Amino acid sequence: MEITSLTITQTLQLLKEKKTSPAEVTQAYLDRIKKLDSKTEAYLYINENAANDFFVATGELAGIPIAYKDVFNTKGMPTTAASKILEGYISPYDATSVEKLKNAGVINLGKLNTDEFTMGSSCETSAYQITKNPWDLARVPGGSSGGSAAAVAADLCCAATGSDTGGSIRQPSSFCNTTGLKVTYGRVSRYGVMPMASSLDTIGVITKSVEDAALLLKVMAGKDSRDATTSDAKVEDYPALLTRKDLKGLRIGIPKEYFVEGLDKGVEKVIREAIETMRKLGAEIKEISLPHTEVALAAYYIIAPSEISANLARFDGIRFGPTVSDSKDLIDMYFQNRTKGFGDEVKRRIMLGTFALSAGYADKFYKKALQVRTLVKRDFDNAFAEVDFIATPVSPTPAFKIGEKVNDPLQMYLEDAFTIPASLAGICGVSIPAGFTEGLPVGLQLFANQFEEAKLLAAAQVFQTSTDYHLQKPKIS
Ligand code: GLN
């Protein structure tokens, strides 16, 4: 077996037994990136020097090569958010999560493609390249953390970071057969990660197994004085708590609103079988209702653009990006730089958000959407009074073809129907490999209440170790 196909846990074992070295593992990944990344186009920046970084590798993840979604500031490296407006920007500092992982000894292989400023569900809004799904190079890897999911699936890194505002870790994980963890809002510091919608943004990971996600979360989680929204809820020893052998005594709710028209028949079949597997593993399965599911998407597409319009106001294209040489005055310069620097989807959202917040409309749109958000949160509160977990499909479809939805924003937004409600509620969730339809991977989404990551990962681990879907690899060479 090739060293690049191993999980973090397996690689750490080999390193411990001195059967390999951090430099050798890292070089193996760099060689594979050189050979295969031209097919997937997952990387925006490759750290050619990574194999020389091993001397700093001393912590609990010492010698593990991972890669970062290109919205994480990584000192001395470009960080573009896949946007032209950040072309030429070199991060002067590390994001908190990057700093923590570095201190734990991980090696940085480079930066991974995303939709521009993480707005999208297919990686097609990246200003630089379209990442391909390793399971079928004619299809999208999902988004926005599509580079992360494709790289993990194609063994181009041992694991990757991602961010999830409305589904960006879970949906690409479903499309690429990886394990994706979206944490509770406030569990992991957002400091140093390019913001999209600040009341929704969460930082998480895409890995080859649940165990690996637990290992990374243990390092990344916790209070950070540089991000006031981080919680001081206790960071648990997530890997040590993966002790469940079955799902006995657990109640899993199946919300009827997630099995509606528009759900692909092949996806539905996989999810129904996964539910059956969980029942056989001892879980009590219960139908539940999350009545505001249908309006969650509309509320998100008001709240997120509103926050986007505020967050992206800081990009002026002056110190980096496409600074124009010929402008009438400062306002005209901003206007031209931003016109050139941002892509269509980013502009669409800035305009939508500006409109939704404008005088006379804020009450009608923004405030209304916030009220809906409260109702969505209440749905989950009511559900978690009855059940331990909620199980659903991640996405209504498997990976779609490149070009199929990119010119129809509404179709693209509908992709997020099953991931967005949990984002509005700020709860945690995973996408884990659950089967295939017509050769394409399908992920099972499992939610737990806020700050129940330990419980969630333990249950996901039971499902994963009783099945072998996560061990299936795309045939890419
Ligand atoms: N696809 C969703 C959107 O475009 C979610 C993006 C995200 O989670 N960053 O808004």
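Model, not experiment: these values are computed from the prediction. (Residues numbered from 1 in each chain as written. Predicted model: local features only at pLDDT ≥ 70, side-chain atom pairs only at ≥ 80, totals over all residues. Heavy atoms only, no water.)

The next point concerns empty space enclosed by the protein. This model, assessed by the stated rule, comprises one cavity of 30 Å³ or more. Computed from the structure, the largest cavity encloses a volume of approximately 90 Å³. Tallied by class, residues from the lining of the largest cavity come to three nonpolar, eight polar and two charged. (1 Å grid on protein atoms, 1.4 Å probe; cavity = no way out; pocket = protein on both sides within 12 Å on 5 of 7 lines; lining within 4 Å. Points joined across faces, edges and corners; volume = space filled by probe spheres on them. Nonpolar A, V, L, I, M, F, W, Y, C, P; charged D, E, K, R; others polar.)

Before going further, it helps to examine the nonpolar core. Of all hydrophobic cores here, the largest spans 143 residues; its most connected members are Y43, L61, F117, M278, F380 and L457. Sorting elements by how many residues they give to this core places helix 8 (residues 293–311) first, with nine residues. (Core = buried A, V, L, I, M, F, W, Y, C linked by side-chain atoms within 4.5 Å. Buried < 20%, exposed > 50% of the residue type's maximum accessible area, 1.4 Å probe, protein only. Helix = DSSP H or I, 4+ residues; strand = E, 2+ residues; numbered from the N terminus.)

This paragraph deals with the site of the ligand. Around the ligand sit 15 residues, and of these T165, G166, S168, Y300 and R349 come closest. Between the ligand and G167, the relevant distance is 3.3 Å, taken from an oxygen atom to a main-chain nitrogen or oxygen of the residue. Separating a nitrogen atom of the ligand from a side-chain N or O atom of D416 is a distance of 3.0 Å. Protein chains shield 100% of the accessible area of the ligand, which is 290 Å² for the free molecule. Judged by the proximity of its atoms to the pocket grid, the ligand belongs to the largest cavity. Class assignment for the residues of the shell around the ligand results in four nonpolar, eight polar and three charged. (Near = heavy atom within 4 Å. Polar contact = N/O pair within 3.5 Å; in protein donor to acceptor, adjacent residues only side chain to side chain. Areas by Shrake-Rupley, 256 points an atom, 1.4 Å probe, with all protein chains shown as cover. Sits in = over half its atoms within 2 Å of the grid points.)

Inspection of the entire model under this criterion finds 28 salt bridges. Salt-bridge contacts for E60 lead to K218; the nearest nitrogen and oxygen are separated by 3.6 Å. In this pair, E60 is assigned in the loop between strand 1 (43–46) and strand 2 (65–69) and K218 in helix 6 (residues 210–220), connecting sequence segments 158 residues apart. The class for E60 is partly exposed, based on a relative accessible area of 48%. We classify K218 as partly exposed; its relative accessible area is 32%. Put simply, K473 and D155 hold a salt bridge, and the shortest N to O gap is 2.9 Å. Of this pair, K473 sits in the segment after helix 14 (453–466) while D155 sits in the loop between helix 4 (146–153) and strand 4 (159–164); the two residues are 318 residues apart in sequence, bridging distant segments of the chain. Residue K473 is classed as partly exposed on the basis of its relative accessible area, which comes to 32%. Overall, D155 belongs to the buried group, its relative accessible area being 5%. (Salt bridge = Lys/Arg side-chain N within 4 Å of Asp/Glu carboxyl O.)

All right, on to the packing of helix 6 against helix 14 then. Orientation of helix 6 relative to helix 14, taken along the N-to-C sense of each, is 160 degrees, at an axis distance of 9 Å. In terms of orientation, helix 6 and helix 14 fall into the roughly antiparallel class. Crossing of helix 6 over helix 14 shows left-handed handedness. Side by side, helix 6 and helix 14 meet where V210, E211, A213, A214 and L217 of the first sit next to E453, L457, A460, Q461 and Q464 of the second. Here the residues of the contact of helix 6 with helix 14 sort into six nonpolar, two polar and two charged. (Axes fitted to C-alpha atoms, helices over the stretch in contact; angles between N-to-C directions. Parallel < 35°, antiparallel > 145°, perpendicular 65-115°, else oblique. Left-handed = near helix turned anticlockwise from the far one by under 90°. Contact = heavy atoms within 4.5 Å.)

It is worth spelling out the packing of aromatic side chains at this point. Enumeration according to the criterion identifies 15 aromatic pairs in this entry. Relative to Y191, the ring of Y93 has its centre 5.5 Å away and its plane inclined at 45 degrees; by these criteria the two rings are tilted. Placement of Y93 in the loop between strand 2 and helix 3 (96–103) and of Y191 in the loop between strand 5 (179–182) and strand 6 (202–207) is noted, with a sequence separation of 98 residues between them. A residue is classified by how much of its surface remains accessible, and Y93, at 27% relative accessible area, is partly exposed. Assessed through its relative accessible area of 27%, Y191 is described here as partly exposed. Considering the side-chain rings of W135 and F436, the 5.2 Å spacing of their centres and the 50 degrees angle between planes classify their relative orientation as tilted. Pair noted here: W135 is in the loop between strand 3 (107–112) and helix 4 and F436 is in strand 10 (residues 428–437), with a separation of 301 residues, a long-range link. With relative accessibility at 19%, the residue W135 sits in the buried group. Of the residues examined, F436 reaches a relative accessible area of 30% and is grouped as partly exposed. (Phe/Tyr/Trp six-rings, centres within 6.5 Å; stacked < 30°, edge-to-face > 60°.)

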